[in-house]
Amino acid sequence: MAKKIKLCLFIHSLAGGGAERFIIHLTNNLNREIFDIYLILLKAEGEYLHLLPADIKIVDLRIKSFRLSQVPHPGWLLKIAQAFRNINPDVIFSTMTTTNLMAIVARQLAFLKVPLIIQEAGILGDHLKFDWLGALKKAIYKVLVRHADLVVVPAQAMADDLEKLFAIKSDRLKVIPNPVDFHHIDESLKNGVLAENVAAQKKLKIIVSMGRLEKIKGVDIGIKAFAELQRRIPAYYWVLGQGGEEESLKKMAADLGISQRVNFLGFQDNPYIFLKNADCFLLSSRSEGHPYTLMEAMYCEVPCVVSRYSSSVADLIKDGEAGIVVESGNTAQMAEAMEQILKDGQIRSKFIKNAKITVEKYGTGQVLPEYEKLFLSCTGKVG
């Protein structure tokens, strides 16, 4: 039997988010006959930790004080470097901007020559605008990114952003979409049940949004659009997720007089049962890359209203065919689009059918082989 490739994955934690979900999809679906998988976590915690397969070798650096919004401590970089040396992998794969920068420095400190692939999960130029360390990170990123062997992004719009901002040559950029684990969603839907108090709200129409409660995700825009919808159609708004904006969003709902109709449901282990029971999914983000929440909503057969967060929206939603795309921040358009979906059963059926067809090409069975081929290629095993 051929020797397995020692693959080292690196992320800060497995707190609920798209990048963390992506790591779970990788660890659950990569071919174990080919890969021996190690996962380095700055802190082994988070809502997705229990989803890791038993055969994954977890390295917990126990850096409990780490936050994505802060400047990394030099001692943390030395810890990561030591972990890299101890594992001595054939390939290192990192995701998320802050941890990517840490991985680049740590590999150099470890004096390892193994390939380092980093993945960016969003439109980096947009994310830096909402980061108080944005200007500093941009300057550091420009210097350090040249030391990564390859940068993977889930959408072409993200590759264009990196090429423009940091002059990364196209041959060092690789577009591979995010994989969606349809089997996991199917099992979750089969076993999921809405809580009684939430299920009782289905006497009215249901709008649902899902994601981190942070400025870039535009939940404030969604609440304003929902307030406009309320003047025409009584409904409930389910907001799934957690984050620093939660209290200000609750205050906004109260100020608009709709707090009784906006239900902040926090992080949910099984968000799919909420999607399946909703009448419309609203993605009001100011910026997205290749959003898991949208793909999962499409698979769960809930018609979608989506802000034109970047040119990559067209990869998933063709306006008027698989959902409705509105201008970012335009609450009147959002309210009108939601009203159309709630009132027109024919439109709903059309969107559901076309969205399901579109999203099926992003299943783990279709996308994971691309990652396997990439990791093999970096080690010289194939082409």
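Our structure is the block above this text.
Because the structure is predicted, anything quoted here is derived from the model rather than measured.

Basis of the calculations
- Residues numbered from 1 in each chain as written.
- Predicted model: local features only at pLDDT ≥ 70, side-chain atom pairs only at ≥ 80, totals over all residues.
- Heavy atoms only, no water.
- Pairing = 2+ DSSP bridges.
- Helix = DSSP H or I, 4+ residues; strand = E, 2+ residues; numbered from the N terminus.
- Axes fitted to C-alpha atoms, helices over the stretch in contact; angles between N-to-C directions.
- Buried < 20%, exposed > 50% of the residue type's maximum accessible area, 1.4 Å probe, protein only.
- Lys, Arg positive; Asp, Glu negative; His and termini not counted.
- Salt bridge = Lys/Arg side-chain N within 4 Å of Asp/Glu carboxyl O.
- Expected span 1.5 Å × (residues − 1).
- Contact = heavy atoms within 4.5 Å.
- Polar contact = N/O pair within 3.5 Å; in protein donor to acceptor, adjacent residues only side chain to side chain.
- Disulfide = S-S within 2.5 Å.
- Patch = residues over 30% accessible without salt bridge, like charges linked within 9 Å, V, L, I, M, F, W, Y side chains within 5 Å.
- Areas by Shrake-Rupley, 256 points an atom, 1.4 Å probe, with all protein chains shown as cover.

This part takes up the sheet that holds strand β13 (residues 324-326). Spatially, the 6 strands line up as an open sheet ordered β10-β9-β8-β11-β12-β13, and their pairing is parallel. If you trace the sheet from one side to the other, it starts and ends with β10 (262-266) and β13, each paired once. Between one strand axis and the next, the sheet turns through 20 degrees on average, direction left out of account. The sheet contact formed by strand β11 (residues 280-283) and strand β12 (residues 304-307) spans 3 bridges and is parallel. Looking at β12, one finds that Leu 283 is bridged to Val 306.

Its place among the elements puts Glu 20 in helix α1 (residues 18-29). It is Arg 212 that comes nearest to the buried, bridge-free Glu 20 among opposite-charge side chains, at 6.6 Å.

The next thing to look at is helix α14 (residues 331-343). An ideal rise of 1.5 Å per residue puts 18 Å on 13 residues; α14 measures up with 18 Å between its terminal C-alpha atoms. Thr 331, Met 334, Ala 335, Ala 337, Met 338, Glu 339, Ile 341 and Leu 342 are the residues of α14 that are buried. Lining the buried residues of α14 we find β8 (205-210), α9 (219-230), β11, β12, β13 and α15 (345-359). Two to three positions downstream of the cap, the backbone nitrogen of Ala 332 sits 3.3 Å from a side-chain oxygen, assigning the N-cap of α14 to Asn 330.

On to the state of the cysteines. Following the criterion strictly, the structure yields 0 disulfides and no others. Looking at the unpaired Cys 8, the closest cysteine sulfur is the one in Cys 378, lying at 14 Å. Here Cys 8 falls in the buried class, since its relative accessible area comes to 0%. Free of any disulfide, Cys 300 has its nearest cysteine sulfur in Cys 304, 9.8 Å distant.

Nonpolar side chains collect at one region of the surface, where Val 71, Leu 136 and Ile 140 lie side by side and expose about 240 Å² of accessible area between them. Its location among the elements puts Ile 140 in helix α5 (residues 134-144). When its relative accessible area of 34% is taken as the criterion, Ile 140 is described as partly exposed.

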